[in-house]
Amino acid sequence: MTERNFVQDAVPVTLEEMLQAREERQKKQKELLTRYDQTLLCFTMNIPGPYKTYPLAEKGFHAGMQAIKAQLQAEGIGTIYELVEIAPTGCTYWSVLNGPAIVVKKLAMEVENQHPLGRLFDMDVFAPDGKALRGEDFGRRERTCLICQQPVWACSRSRAHSAEELSLHVVKMFWKYDCSQFTQQAGLAAVRALLYEVSATPKPGLVDRNHNGSHHDMDFFTFLDSGTALIPYFQKITEMGVAHQGTAQTLISSLRYQGRQAEQMMFAATGGVNTHKGLIFSLGLLCACAGYQYAHQLPCTADHLLELAAQAAGGVTKELGNTEKPTTHGRRVYDRYNVTGIRGEAAAGYPHVRQWGLPVLKKMLAMGCSLNDAGVIALLHLMANLEDTNILARANPDTLRQMQTLIRKELTRTQDPAELLAFAKSLDEWMVWRRLSPGGSADLLAVSYFLYFLYG
């Protein structure tokens, strides 16, 4: 990573321009104190080098602004007036507050001391009489160099680091923080998708909030245990995607160890029950690809992510023909019916999610359905079109076609959400009686939820 990758559109500023900006801030400070006669907060960023404002720096600025606002709100301190200024010389947040300056200063120092980017935050607090509250008066330690942690004055005097070196270090700080935020976002979207999938009710033949469907060895709480146990996995595997330096095609081979570890976490949480093995693969793959996509500054859309997943998973169907691998339900279905299951779905870029799951989910939400109801209806569309290996493993192709004919007939007859939900409930009885469980379709519903939560 080079500095120019992130500041290429930024406008470099001169020392004279920075001094002029400081004078303008001082004028604004006096104006706001005179006008309101209240505590004043002025938040700026401490960014060395000639580039003060660029997208990553603005993201960091807004993160700091949100952090101090949350602090003030939690303390019950209200905002009388606020102003955000974005200029080549830097970003500034002004806030006139109705709380004691001493309290505001302590809250600001907590942000500066504990936020991941706090070392770059400069939160000045002024009492109504214009007096600036010094951090040193409240126990703040002397600030150290960004790079070597020596006292700032010592490094500055000896010119231990060039302006370019300092500027690049700050860019890396912003980038590391930005990637960590995305990693959390993707990991939480994956877990949220797991929980929404199992919670969607009624789901024909599947575990939901009403009952265990066609399963005797798992219930709703088994899925909650499994889903929460996988939280660290999804965040870790997204981080691996962010850090991956190879091509998308080489990404999947680096994920196998973490996938096996996740399976062990799942079995430990469920007492040996397989609740999420398919989604450990699919959502793990998609989280890793999302991290890769983000780190390489590729288009962050659902379509592009699915294309990237197809590149990463292009060779996974070959494993079905490997007789040295342990026999699984997927292998047996492939040997008997030549259906590639979730491997084929991944290698093709999840076409059923692209054509049915996500579009139907979005369509139903746009019609005013809840996430629950939209999910159930999206599941029906997936069941109607997917060669679900779970159905094939429990029954045969004729039974799969019979189920799909029933669903397609109803989807052709009506698009009314209430009628489709009633149909799902009646279909549930039909499937439970035959011990059918469309687990493959359920996994693709979770993938659809994930894409919606991550990209909207």
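Below you will find a few notes about this structure. (Residues numbered from 1 in each chain as written. Predicted model: local features only at pLDDT ≥ 70, side-chain atom pairs only at ≥ 80, totals over all residues. Heavy atoms only, no water.)

## Description of the pairing of strand β2 (residues 79-87)
Alright, step 1. Note that β2 and strand β3 (residues 90-97) share eight bridges and pair antiparallel. Its bridge partner lying in β3, Glu82 is registered against Ser95.
Alright, step 2. The turn joining β2 and β3, which pair antiparallel and follow one another in sequence, is formed by two residues. (Pairing = 2+ DSSP bridges. Helix = DSSP H or I, 4+ residues; strand = E, 2+ residues; numbered from the N terminus.)

## Structural notes on the packing of helix α10 (residues 277-295) against helix α19 (residues 439-455)
Alright, step 1. Taken N-terminus to C-terminus, the directions of α10 and α19 make an angle of 25°; their axes are 10 Å apart at the nearest point. Regarding the angle of α10 to α19, the classification is roughly parallel. Note on packing geometry: the crossing formed by α10 with α19 is right-handed. Packed against α10, whose contacting residues are Gly278, Leu279, Ser282, Leu283, Leu286, Cys287, Ala290 and Gln293, the element α19 presents Asp443, Ala446, Val447, Phe450, Leu454 and Tyr455 at the interface.
Alright, step 2. Residues belonging to the contact of α10 with α19 are distributed by class as follows: ten nonpolar, three polar and one charged. (Axes fitted to C-alpha atoms, helices over the stretch in contact; angles between N-to-C directions. Parallel < 35°, antiparallel > 145°, perpendicular 65-115°, else oblique. Left-handed = near helix turned anticlockwise from the far one by under 90°. Contact = heavy atoms within 4.5 Å. Nonpolar A, V, L, I, M, F, W, Y, C, P; charged D, E, K, R; others polar.)

## Focus on helix α15 (residues 371-385)
Alright, step 1. With 15 residues, α15 should reach 21 Å at 1.5 Å per residue; the first-to-last C-alpha distance of 21 Å fits that figure.
Alright, step 2. Taken as a whole, α15 has its buried residues at Asn372, Ala374, Gly375, Val376, Ile377, Ala378, Leu379, Leu380, His381, Leu382, Met383 and Ala384.
Alright, step 3. Looking at the buried residues of α15, the elements they touch are α6 (163-199), α14 (351-366), α17 (397-413), α18 (417-433) and α19. (Expected span 1.5 Å × (residues − 1). Buried < 20%, exposed > 50% of the residue type's maximum accessible area, 1.4 Å probe, protein only.)

## A short note on the nonpolar core
Alright, step 1. Counting 125 residues, the largest nonpolar core has Tyr54, Phe174 and Phe450 as its most contacted members.
Alright, step 2. Sorting elements by how many residues they give to this core places α6 first, with 14 residues.
Alright, step 3. Every residue in contact with Phe174, bar those within four places of it in the chain, is listed here: Met45, Ile47, Tyr54, Leu56, Ala57, Gly60, Leu117 and Leu120.
Alright, step 4. In this structure, Leu33, Leu40, Cys42 and Trp94 belong to the second largest nonpolar core, which totals seven residues. (Core = buried A, V, L, I, M, F, W, Y, C linked by side-chain atoms within 4.5 Å.)

## Some words on helix α9 (residues 256-270)
Alright, step 1. The terminal C-alpha atoms of α9, which comprises 15 residues, lie 21 Å apart, in line with the 21 Å expected from a rise of 1.5 Å per residue.
Alright, step 2. Taken as a whole, α9 has its buried residues at Gln258, Gly259, Ala262, Met266 and Thr270. Seen along its axis, α9 keeps its buried residues to an arc of 100°; they face one direction. For α9, the exposed residues set more than 90 degrees away from the buried face come down to Tyr257, Gln264 and Ala268.
Alright, step 3. Packing partners of the buried residues in α9 comprise α7 (220-229), α8 (231-243) and α10.
Alright, step 4. Just downstream of α9 lies Gly271, where phi reads positive at about 70°. (Arc of directions from axis to C-beta.)

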